[in-house]
Amino acid sequence: MIAGHHGLVAMLTDRIDAEVLDAAPTLRVVANYAAGYNNIDLAAARARGIVVTNTPGVLTDATADLTWALILGITRRVGEGERLVRAGRWTGWAPTQLLGMDLRGAMLGVVGMGRIGRAVASRANGFGMRVVFTARRPMPDVDPDWRAASLPDLLATADVVSLHVPLTDQTRHLLGPDQLAMMKPTAYVVNTSRGSVIDEVALADALEAGRIAGAALDVYEREPQVHPRLLSSERVLLLPHLGSATTETRERMGSMVVENLLAVLEGRRPPNAVDE
Ligand code: GLV
Ligand code: GLV
């Protein structure tokens, strides 16, 4: 479909590889409708002189909010409660029914202190959570109460581990069997980044063995497929990749995509070129 075209607007579900790029020798820009761009072969684009752009910043708050929906949802068993009511199995208030975990005083572990990680950490203050984080580089300007740590240190201390790294060769299966084993058995993992940052089989194993308390996921290794062992677990809260899904945010992303696309086609510098 892109043969003969100059610009391509790509969704995160479109894999843009060398084969696709070679189908359009006239192509000058791939404007991704997403902040993440792991769906695009950057090296292949660069080799062909094709500019790649993304939509950072405009979806930060929406994604941070959804992360908190997941944090609250998994620690207070919102999914389980809703299923109980809808199934007609709720028999009334009971003192020990569906008990969750208090957030006040608990430790939030933010893996990846980019824009979204920071926005998630900022919201932690409102819930009285303490914050420990990992970052690729020193962060002099973050809240002094937030503690920088190594990943093993974060995993050993956090009550909620929330992932905010891009998917790269370095972060694929960042949480595997060894890392999940470092977590507290009472801790939860939350993922609004990319599914493959977690090894889903290792996650299912950890949940079944009771090595962690639960997981709340917005993203999966093979979307729209969800691993059957995660689907069948009561201790997992599942959403269909909704991180940036608000009307306002999706409109802003759309405008940004168009600006980036037109800038390249008109010979200007696009506001959001991806260059690594
Ligand atoms: C959504 O997942 C995005 O990267 O924008
Ligand atoms: C709960 O509804 C309470 O009043 O404690």
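Residues numbered from 1 in each chain as written. Chains lettered and ligands numbered in written order. Predicted model: local features only at pLDDT ≥ 70, side-chain atom pairs only at ≥ 80, totals over all residues. Heavy atoms only, no water.

Draft legend 1. Layout of the site of ligand 1. Around ligand 1, the structure places Leu12, Ala34, Ala35, Gly36, Leu59, Arg194 and His241. In this structure, Ala35 approaches ligand 1 through a main-chain N or O atom, which is 2.7 Å from an oxygen atom. One nitrogen or oxygen atom from the side chain of Arg194 is found 2.7 Å from an oxygen atom belonging to ligand 1. In isolation ligand 1 has 190 Å² of accessible area, and contact with the protein removes 88% of it. In the shell around ligand 1, the residues fall into four nonpolar, two polar and one charged. (Near = heavy atom within 4 Å. Polar contact = N/O pair within 3.5 Å; in protein donor to acceptor, adjacent residues only side chain to side chain. Areas by Shrake-Rupley, 256 points an atom, 1.4 Å probe, with all protein chains shown as cover. Nonpolar A, V, L, I, M, F, W, Y, C, P; charged D, E, K, R; others polar.)

Draft legend 2. Expanded view of the side chain of Asn54. Structurally, the position occupied by Asn54 is in the loop between strand 3 (51–53) and helix 3 (60–75). Using a relative accessible area of 8% as the deciding quantity, one classes Asn54 as buried. Leave out the neighbours within four places in its chain, and Asn54 touches Asn32, Ala34, Ala35, Tyr37, Asn260, Asn272 and Val274. (Helix = DSSP H or I, 4+ residues; strand = E, 2+ residues; numbered from the N terminus. Buried < 20%, exposed > 50% of the residue type's maximum accessible area, 1.4 Å probe, protein only. Contact = heavy atoms within 4.5 Å.)

Draft legend 3. Molecular detail of the nonpolar core. One finds Val161, Val189 and Leu203 to be the most contacted residues of the largest nonpolar core, which totals 31 residues. Secondary-structure elements contributing two or more residues to this core are strand 4 (107–111), helix 6 (151–157), strand 7 (160–163), helix 8 (200–208) and strand 9 (214–217). The leading source of residues in this core is helix 8, at five residues. When neighbours within four sequence positions are excluded, Val161 is seen to be in contact with Gly109, Val111, Leu154, Leu155, Met183, Tyr188, Val189 and Val190. Counting residues in each nonpolar core, the second largest holds 26 residues, with Ala64, Met113, Val120 and Leu237 among its members. (Core = buried A, V, L, I, M, F, W, Y, C linked by side-chain atoms within 4.5 Å.)

Draft legend 4. Spatial organisation of the pairing of strand 8 (residues 188–191). By the alternation rule, side chains of strand 8 split into Tyr188 and Val190 and Val189 and Asn191, which are all buried. Strand direction decides the pairing type here: strand 7 and strand 8, joined by four bridges, are parallel. Residue Ser162 lies in a different strand from strand 8, and its bridge partner there is Val190. In this fold, the crossover linking strand 7 to strand 8 by way of helix 7 (residues 177–182) has right-handed handedness. Of the pairings in the sheet, the one linking strand 8 to strand 9 comprises four bridges and is parallel in character. (Pairing = 2+ DSSP bridges. Right-handed = clockwise from strand over helix to strand, strands pointing away.)

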